[in-house]
Amino acid sequence: MRTALITGAYRGIGFEVAKQLAARDWRVLLSARKRTAGEKAAKAIGGNTTFVEMDVTDPQSIAAAVRLVDSLDVLVNNAAIIPEGDEDVLQVTGDAVLQAFTTNALGAWRVAQAFYPLLAKSKAPRIINVSSGAGQLGDSGTWAPAYSISKTALNGVTAQLAAALRDKNVAVNSVCPGWVRTEMGGPDALRSVEEGADTIIWLATEAPQELTGKFLRDRKEIPW
């Protein structure tokens, strides 16, 4: 039985990915920093779904989570925030920028570092970083600058990890799920959570192991 750890998975895209993998008889480790919400989400999915408490901004919390896991095949770095006041690049505060980077980029980096020894034991280890088209440098806009630039940084983390782990057979990719109807995306978003989760599920289960170091949307490579 293959095992996946999904961060920030008590709602939205993360929850959908957890649900779909559990339906495929995967062992799912549903991670969140909110214990009550995480336990409720894991119970709602059922099957081989277990809640793992982890705050990706806290190295001690990450280390504690690692001690609870005995094997891992796929890591989905999904946890992300849009900080309060993230509206204007000329006015957003340094604290808001730091919050976005600490969760969205550094959090994924730290989790990948911490769980790599477990991934290295898998026959087909994969790291999937949930990024955003808002982080694309070639199509940069003005929306949520701290969030957007933190996703640019996350793509940099993906590229670095992919280069470092290519010879170790670890596939590392970024995914843009699109504008999805979640609490973060809002009710007017164009995509369902099922559509947003599709490429993540594909990378976890069916994509070629040699596919690595890419930024993907709808199972196709897109520019960084």
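Please refer to the structure higher up on the page.
This structure is a prediction, so every number in the text was calculated from the model and none was measured.

Colleague: What should I look at first to understand the side chain of Asn 155 in this one?
Modeller: The topology assignment puts Asn 155 in helix H5 (residues 145-165). Judged by relative accessible area, which is 4%, Asn 155 ranks as buried. In this structure, Asn 155 is in contact with Ser 131, Gly 135, Ser 174, Phe 215 and Trp 224, ignoring residues within four places of it in sequence.

Colleague: When you look at the packing of aromatic side chains in this model, what are you seeing that I'm missing?
Modeller: As enumerated under the stated definition, the model contains two aromatic pairs in all. Taken together, a centroid distance of 5.5 Å and an interplanar angle of 75 degrees make the contact between Trp 143 and Tyr 147 edge-to-face. In this structure Tyr 147 comes out as buried when scored by relative accessible area, which is 7%. Their ring planes at 20 degrees and their centres at 5.5 Å tell us that Phe 215 and Trp 224 sit as a pair that is stacked.

Colleague: Please clarify how helix H6 (residues 193-205) should be interpreted in this entry.
Modeller: Here H6 is 13 residues long and its end C-alpha atoms lie 18 Å apart, about the 18 Å a rise of 1.5 Å per residue gives. Of all the bends found along H6, the most pronounced is centred on Thr 199 and spans about 30 degrees. Looking at the buried side of H6, the elements it contacts are helix H1 (12-23), strand S4 (74-77), strand S5 (126-130), strand S6 (171-175) and strand S7 (215-217).

Colleague: Help me understand the nonpolar core, please; the structure alone is not making it clear to me.
Modeller: When a protein is soluble and globular, its nonpolar side chains tend to lie buried together. Of all hydrophobic cores here, the largest spans 32 residues; its most connected members are Ile 6, Val 17, Leu 21, Leu 30, Ile 128, Ile 200 and Leu 203. Secondary-structure elements contributing two or more residues to this core are strand S1 (3-6), H1, strand S2 (27-32), helix H2 (35-45), S4, S5 and H6. With seven residues, the top contributor of residues to this core is H6. In this structure, Leu 29, Ala 65, Leu 75 and Ile 127 belong to the second largest nonpolar core, which totals 23 residues.

Colleague: Help me out: how do you make sense of the sheet that holds S5 in this one?
Modeller: Consider a sheet: its strands pair through backbone hydrogen bonds, and that pairing is either parallel or antiparallel. Across the sheet, which stays open at both edges, the eight strands sit in the order S3-S2-S1-S4-S5-S6-S7-S8 with mixed pairing between neighbours. With one partner strand each, in any of the chains shown, strand S3 (49-53) and strand S8 (220-221) form the two edges of the open sheet. Alignment of S5 against S6, held across five bridges, turns out to be parallel. Counted as the bridge partner of Arg 126 is Ala 171 from S6. Contacting S2 and S3, H2 crosses the sheet at an angle of about 170 degrees to S3. Contacting S5, S6 and S7, H5 crosses the sheet at an angle of about 165 degrees to S6.

The rules behind the values
- Residues numbered from 1 in each chain as written.
- Predicted model: local features only at pLDDT ≥ 70, side-chain atom pairs only at ≥ 80, totals over all residues.
- Heavy atoms only, no water.
- Helix = DSSP H or I, 4+ residues; strand = E, 2+ residues; numbered from the N terminus.
- Buried < 20%, exposed > 50% of the residue type's maximum accessible area, 1.4 Å probe, protein only.
- Contact = heavy atoms within 4.5 Å.
- Phe/Tyr/Trp six-rings, centres within 6.5 Å; stacked < 30°, edge-to-face > 60°.
- Expected span 1.5 Å × (residues − 1).
- Bend = angle between axes of the 7 residues up to and from the residue.
- Core = buried A, V, L, I, M, F, W, Y, C linked by side-chain atoms within 4.5 Å.
- Pairing = 2+ DSSP bridges.
- Axes fitted to C-alpha atoms, helices over the stretch in contact; angles between N-to-C directions.

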